[in-house]
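Read off the chains here:
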2 protein chains.
Amino acid sequence: MKVLFVLAHPEPQSLSASLCRVAVDALRAEGHETMVTDLYADGWKAVVDREDFPALAAETRLRVPAASGEAFASGTLTEDVASEQAKLRAADALILAFPLWWFSMPAILKGWIDRVYSHGFAYGVGEHSDRRWGDRYGEGMLAGKRAMLMVTSGGWETHYGPRGINGPIDDLLFPIQHGMLFYPGYEVLPPFVTYRADRLDAAGFDAAAERLEERMRTLFTTVPLPYRHQNGGDYLIPSMELQPSIEPGQAGFSVHLREPAGSGA
Amino acid sequence: MKVLFVLAHPEPQSLSASLCRVAVDALRAEGHETMVTDLYADGWKAVVDREDFPALAAETRLRVPAASGEAFASGTLTEDVASEQAKLRAADALILAFPLWWFSMPAILKGWIDRVYSHGFAYGVGEHSDRRWGDRYGEGMLAGKRAMLMVTSGGWETHYGPRGINGPIDDLLFPIQHGMLFYPGYEVLPPFVTYRADRLDAAGFDAAAERLEERMRTLFTTVPLPYRHQNGGDYLIPSMELQPSIEPGQAGFSVHLREPAGSGA
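It should be emphasised that the depicted structure is a prediction, and the values quoted were computed from it without experimental measurement. Counting starts from 1 at the beginning of each chain's written sequence and moves along it residue by residue. Here every chain gets a letter starting at A, and every ligand a number starting at 1, in the order they are written. Thresholds applied to this predicted model are a pLDDT of at least 70 for local features of residues and 80 or more for the giving and counting of side-chain atom pairs; totals over whole chains, interfaces and linings are not thresholded and use all residues. Values reported for side chains reflect all heavy atoms of the structure, with hydrogen atoms and water molecules removed beforehand.

A. Spotlight on the overall build of chain A. The numbering of helices and of strands both runs from the N terminus, where a helix is a DSSP run of H or I of at least 4 residues and a strand a run of E of at least 2. A count of helices and strands for chain A gives seven helices and six strands. We compute the radius of gyration from the C-alpha atoms alone; for a globule the expected value is 2.2 Å times N to the 0.38, where N is the number of residues. For chain A, whose C-alpha radius of gyration is 19 Å, the value lies close to the compact-globule estimate of 18 Å for 265 residues. Taking the principal axes of the C-alpha coordinates as reference, chain A spans close to 55 × 50 × 40 Å. Per-residue accessibility, obtained with a 1.4 Å probe over protein chains only, is compared with the maximum for each type, and a residue is labelled buried under 20%, exposed over 50%, and partly exposed between these values. Relative to its full complement of 265 residues, chain A shows a buried share of 58%. Whether two residues are in contact is decided by their heavy atoms, any of which lying within 4.5 Å being enough. Sequence separation of at least 24 residues holds for 74% of the intrachain contacts in chain A that already meet a minimum separation of 6.

Here it is as structure tokens:
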């Protein structure tokens, strides 16, 4: 199988980069192919702007979804974006490796999502009718593939627990896991998170590496998070609210899982 | 009073930019002073890298919190970052104006947070002991000031409702409102959200503008979201978990509000 890593850390000696190398080695040892997009090393352009749409006339107002969709359809996306889309199509699995900065991804990685996820590729795909609301949330261009986050955090694990002050890590990652990975079709695996990253000693690193190697060995067998598919009947169309009969009276991110996280599937 | 807007949209004719102008005019009409950081117009550098820490020796491993803290303490932050920090200190209120891209802020705005929120300024501030865990979550350098999000979304409001497929808008914004605004001390006002931004006609714009003008008139009187202060006794130290006696058995983002959102205060 082919696995694409997208790494977002400015320091080659960082924990994120080191764990990325551990994961690559573990996958190669199993006979898989790996590709790494190292955003900082590649000097990735982080911001969406007019330069992304060279075919857009100078006097035309930039509407990002429209411009992005036209560039995708006409093959005029910039080379860096087209190249990343080709990697996503080629890869059977995607792993985003990054430090948690301000409870989200570093800007350079957000900019990879903002630019590579063009209209017609990652959104605005498929039929919108009274039966379907596009190919998204379980369907889409990247359906049949797997994705996983590899996150390092300087904070303590309890601070990210169910009642921890930062909010539960699964909820903090929901906009990424559900909104950026499940949305264009990926099956999303439970995240690999390392806490107190700045205080990790050699023994701590070895333990994390071992845990990560096991996750790589099981990358294609681990049970994905059981997010509900949009067009499978669980949601009203077009309001896209969960059917009243499902988890009645409940609300929030957790209702979008077919069974509670961690209960197995 | 002084109000700082940070605007993150590449198109001057965008809804985000237009609403920003409406808000600025409304505040000036009330006698307030306004400042606007227009990230795209200013060519804001979005990514944290070694260039941000000119005093860091070339052979030194880049550890972002340490490098950022040293640059802040020694006055060697880059001019663009120092200038934004000065604006934040001067402003009584901060408004972040942006389109919701992939359920979060555009990369350029995340890069403003990543770079301007240096160690010693927005985190790593204050005493860590068995009584306090730093000046954060209700205390900190920006305490006594107010902050608010102005968000435009292409999606439908029901898709962001309590049981909508995208997840509730308040939960999607929690990492920003609680994690980026309340964390360094801001009182956070309910967000101003405009849905179906790409389909808004002239009457829709006028209605949104009117609603926004009212929010600007009440900017300094609106009741903030009742997030719990970290060092006020609600949390165990150092695990930073909510005391077992508070909202027993409950978990998730909502337990960090003193009373449910929307119930008044």
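B. Layout of the relation of the copies chain A and chain B. The copies were overlaid with a least-squares fit restricted to C-alpha atoms from residues scoring a pLDDT of at least 70 in each copy. Superposing chain A onto chain B takes a rotation of 180° combined with a translation of 0.0 Å along the rotation axis, leaving an RMSD of 0.0 Å. One copy is carried onto the other by what is essentially a two-fold rotation axis. Taking the C-alpha atom as reference, chain A places Ala107(A) closest to the rotation axis, 2.3 Å from it. When the interface residues of chain A are mapped onto chain B, 100% of them are again interface residues, pointing to one common binding face.

C. View of the packing of helix 4 (residues 107–116) of chain A against helix 4 (residues 107–116) of chain B. For helices, the fitted axis covers only the stretch in contact; all axes are lines through C-alpha atoms, and the angles between them, taken along N-to-C directions, range from 0 to 180 degrees. Packing of helix 4 of chain A against helix 4 of chain B brings their axes to within 8 Å, and their N-to-C directions diverge by 175°. The orientation of helix 4 of chain A with respect to helix 4 of chain B, classified from their angle, is roughly antiparallel. Taken together, the residues of helix 4 of chain B that come into contact with helix 4 of chain A (itself represented by Ala107(A), Lys110(A), Gly111(A) and Asp114(A)) are Ala107(B), Lys110(B), Gly111(B) and Asp114(B). Of the residues assigned to the contact of helix 4 of chain A with helix 4 of chain B, the class counts are two nonpolar, two polar and four charged. For classification, angles of less than 35 degrees are called roughly parallel, those exceeding 145 degrees roughly antiparallel, those between 65 and 115 degrees roughly perpendicular, and all remaining angles oblique. Residues are grouped as follows: Ala, Val, Leu, Ile, Met, Phe, Trp, Tyr, Cys and Pro are nonpolar; Asp, Glu, Lys and Arg are charged; all remaining types, including Gly, are polar.

D. The arrangement of the packing of helix 3 (residues 79–90) of chain B against helix 4 of chain B in detail. Residue and element names in this part refer to chain B. Interhelical geometry of helix 3 versus helix 4 gives an angle of 90° and a closest axis separation of 10 Å. Relative to helix 4, the element helix 3 lies roughly perpendicular. Across from Asp80, Val81, Glu84, Gln85 and Leu88 in helix 3, the residues of helix 4 making contact are Trp112, Arg115 and Val116. Of the residues in the contact of helix 3 with helix 4, the class split is four nonpolar, one polar and three charged.

E. Fine view of empty space enclosed by the protein. Put simply, the grid is 1 Å and covers the protein atoms alone, a cavity is a trapped set of points that fit a 1.4 Å probe, a pocket is an open set with protein on both sides within 12 Å along at least five of seven lines, and lining residues have an atom within 4 Å of a point. Grid points are joined across faces, edges and corners, and a volume is the space filled by probe spheres set on the points. Going through the model one piece at a time under the given rule, you end up with one cavity of 30 Å³ or more. In this model, the largest cavity occupies a volume close to 80 Å³. The wall of the largest cavity is formed by Phe103(A), Ser104(A), Leu172(A), Pro175(A), Ile176(A), Met180(A), Phe103(B), Ser104(B), Leu172(B), Pro175(B), Ile176(B) and Met180(B). Put simply, the parts of the chain that give the lining of the largest cavity at least two residues each are helix 6 (174–182) of chain A together with helix 6 (174–182) of chain B.

F. Structural detail: the UniProt feature "domain: Flavodoxin-like fold" (unreviewed entry) in chain A. Summarizing the sequence annotation, UniProt attributes the feature "domain: Flavodoxin-like fold" (unreviewed entry) to residues 1–215 of chain A in the numbering used throughout. Annotated as 35% helix and 14% strand, the span residues 1–215 of chain A places its first and last C-alpha atoms 15 Å apart. UniProt positions are given in the numbering used here, feature names are shortened, and annotations may be inferred rather than shown by experiment.

G. How the structure looks around helix 6 of chain A. Across the nine residues of helix 6 of chain A, nine count as buried, placing the element largely inside the fold. Along helix 6 of chain A, the residues that are buried comprise Phe174(A), Pro175(A), Ile176(A), Gln177(A), His178(A), Gly179(A), Met180(A), Leu181(A) and Phe182(A). Of the surrounding elements, those touching the buried residues of helix 6 of chain A are strand 3 (93–99), helix 4, strand 4 (146–152), helix 5 (169–172) and strand 5 (187–188) of chain A together with helix 5 (169–172) of chain B.

H. Inspection of the interface of chain A and chain B at higher detail. With 72 residues of chain A at the contact, the number on the chain B side is 72 residues. Buried area: the accessible surface (1.4 Å probe) lost by two parts on joining, summed over both. For the pair chain A and chain B, the summed buried area comes to about 5400 Å², and 63% of that belongs to carbon and sulfur atoms. It is Trp102(A), Arg163(A) and Ile165(A) that lose the most area in chain A upon contact with chain B, and together they represent 20% of the buried surface on that side. Any carboxyl oxygen of Asp or Glu that lies within 4 Å of a side-chain nitrogen of Lys or Arg is treated as forming a salt bridge with it. Summed over the shared surface of chain A and chain B, the result is two salt bridges. Put simply, Glu11(A) and Arg50(B) hold a salt bridge, and the shortest N to O gap is 3.5 Å. Pairs of N or O atoms within 3.5 Å make up the polar contacts considered here, provided that, within protein, one atom can donate a hydrogen while the other can accept it, and that residues adjacent in sequence are counted only when both atoms are side-chain atoms. Our count for the contact surface shared by chain A and chain B stands at 34 residue pairs in polar contact (both at pLDDT 80 or more). Broken down by secondary-structure element, the contributors of at least two residues to the side of chain A that touches chain B are helix 2 (64–74), helix 4, helix 5 and helix 6 of chain A. No other element matches the six residues that helix 4 of chain A contributes to the side of chain A that touches chain B.

I. Quick look at the side chain of Asn231(B). Residue and element names in this part refer to chain B. Examined against the element boundaries, Asn231 turns out to sit in the segment after helix 7 (202–217). Side-chain polar atoms of Asn231 contact the backbone oxygen of Gly134, separated by 3.0 Å. In contact with Asn231, other than residues within four places in its own chain, are Arg131, Arg132, Trp133, Gly134, Glu139 and Ile237.

J. View of the nonpolar core. Buried Ala, Val, Leu, Ile, Met, Phe, Trp, Tyr and Cys residues that are joined via side-chain atoms within 4.5 Å together make up what is termed a nonpolar core. Residues Trp112(A) and Trp112(B) are the most contacted members of the largest nonpolar core, which totals 132 residues. Residues within four places of Trp112(A) in sequence aside, it is in contact with Val6(A), Thr37(A), Leu39(A), Trp44(A), Glu84(A), Leu88(A), Leu94(A), Leu96(A) and Tyr117(A).

K. Here's a closer look at the pattern of salt bridges. Under the defined criterion, the tally for this structure stands at 26 salt bridges over all chains. The salt bridge involving Lys45(B) is made with Asp49(B); its shortest N-O contact spans 2.9 Å. Lys45(B) sits in the partly exposed class, given a relative accessible area of 24%. Sharing partners across several salt bridges, the network here consists of Lys45(A), Asp49(A), Asp52(A), Asp80(A) and Arg115(A).

L. Representation of the environment of Leu225(A). Residues and elements named next belong to chain A. One can find Leu225 in the segment after helix 7 (202–217). The exposure class assigned to Leu225 is buried, which follows from its relative accessible area of 17%. A C-alpha to C-alpha distance of 9.3 Å links Leu225 and Gln177, two positions 48 residues apart in sequence. Excluding residues that lie within four positions of it along the chain, Leu225 makes contacts with Gln177, Val188, Leu189, Pro190 and Leu257.

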